[in-house]
Amino acid sequence: MRNIVVLDGKTLGNVDYIKLNEFGQVAYYDKTEKDDVEERIKDANIILTNKVVLDRNNLKSANNVELICEMATGYNNIDIEYAKENGIAVTNVAGYSTGTVAQHTFALLLTLYDNIRYFDDFVKSGEYSKSGMFTNLERTYNDLSGKVWGIIGLGNIGKKVAKIAQAFGARVVYYSTSGKNSDSNFVRVELEELLKTCDVISIHAPLNEKTKGLINYKALTMMKKDAILINVGRGPIVVDEDLARAIDEEIIGGAALDVFEAEPIPNNNPLLSIKNTEKLIMTPHIAWASEEARDRLFTDLLENIRAYNRGEKRNRVDI
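Residues numbered from 1 in each chain as written. Predicted model: local features only at pLDDT ≥ 70, side-chain atom pairs only at ≥ 80, totals over all residues. Heavy atoms only, no water.

The name given to the protein chain in an unreviewed UniProt entry is Hydroxyacid dehydrogenase, with the source organism recorded as Clostridium neonatale. For the protein chain, the Sequence similarities (unreviewed entry) comment in UniProt is given as "Belongs to the D-isomer specific 2-hydroxyacid dehydrogenase family." (UniProt positions renumbered as here; feature names shortened; annotations may be inferred.)

On to the packing of aromatic side chains, then. Inspection of the entire model under this criterion finds seven aromatic pairs. Relative to Tyr128, the ring of Phe122 lies with its centre 6.0 Å away and its plane at 45 degrees, an arrangement referred to as tilted. Look at Tyr128 and you get partly exposed, because its relative accessible area is 33%. For Arg40, the ring lying beneath its charged end belongs to Tyr29, and the centroid distance is 3.8 Å. Arg245 extends its terminal NZ or CZ atom over the ring of Tyr217, reaching a point 3.6 Å from the ring centre. (Phe/Tyr/Trp six-rings, centres within 6.5 Å; stacked < 30°, edge-to-face > 60°. Buried < 20%, exposed > 50% of the residue type's maximum accessible area, 1.4 Å probe, protein only. Lys NZ or Arg CZ within 6 Å of the ring centre and 35° of its normal.)

Right, let's talk about the environment of Arg40 for a bit. By secondary structure assignment, the location of Arg40 is in helix H1 (residues 37-41). Given a relative accessible area of 24%, Arg40 falls into the partly exposed group. Sequence separation of Arg40 and Ile305 is 265 residues, and the distance between their C-alpha atoms is 20 Å. Aside from chain neighbours lying at most four places away, what touches Arg40 is Val5, Leu7, Tyr29, Lys31 and Thr32. (Helix = DSSP H or I, 4+ residues; strand = E, 2+ residues; numbered from the N terminus. Contact = heavy atoms within 4.5 Å.)

Once that is clear, we can look at the sheet that holds strand E8 (residues 187-188). With parallel pairing, seven strands are arranged side by side in an open sheet as E8-E7-E6-E9-E10-E11-E12. Each end of this open sheet is capped by a strand with a single partner; those strands are E8 and strand E12 (280-282). Strand direction decides the pairing type here: strand E6 (residues 148-152) and strand E9 (residues 200-203), joined by four bridges, are parallel. If you follow Trp149 over to E9, its bridge partner there is Val200. (Pairing = 2+ DSSP bridges.)

Right, here's the structure in full:
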């Protein structure tokens, strides 16, 4: 009977891990610290991981491992070269959260853009009841229609966001971080033009050597004074310290973030101590994590294991 180890099952929440029993004996852990990885995987045939790092240092003792299942799309936590050298199959799951991340992108943007937090507080505090006015025009907001929406990273999520932005009446342009992506449905521009001309900029790019630190202080100073930056891609694409500075210096209109340079966000991150708090919306890396998206992810992961057992190369990232 195969031994299956789930190293950080809590990261997917309440998915039905009992379904793994069809493949063998399951050892489940909510989370696994670095020092415990080697011991927990040493007898495993199949390993499931989301954020736990699997490298040659801890895999060298796992002589029976034949399949590693990444419980996400990104797999930079897995030593793919070691896996190739030792005939270990590695799979990931993609596409499960495209609509979910796009939805959260607009939830973030509209919460900030329409000053929802301010108006909600105004009503709940009783100030509206005392105001004697049927409305409150102390804070203004603007239509998305007619604005320019810039997308950094026009993959599946970026394209979904682009279509929704168009439905709001925005004009969409995009910057290809690889320099290879081309889509005739939208106008491709260079980064500097995107930064200088867009009213809203959303990031949906992967993290790599071309995107790490892409949005730094210099880039932020190129943006329009009332522009909004949204990052639902990868945290290190934006330099948190530079963004905090730009918001407090009122260089940009504001930002909405779901990802950060380090996660969970350290309590000394400058974004947690900015003065202009009304210009910043933050959520804890949840854009991907609707209940339906997590169920889709786990269902696809199970199918990856079944396909592997049938000798099929489904969602393999090691070949």
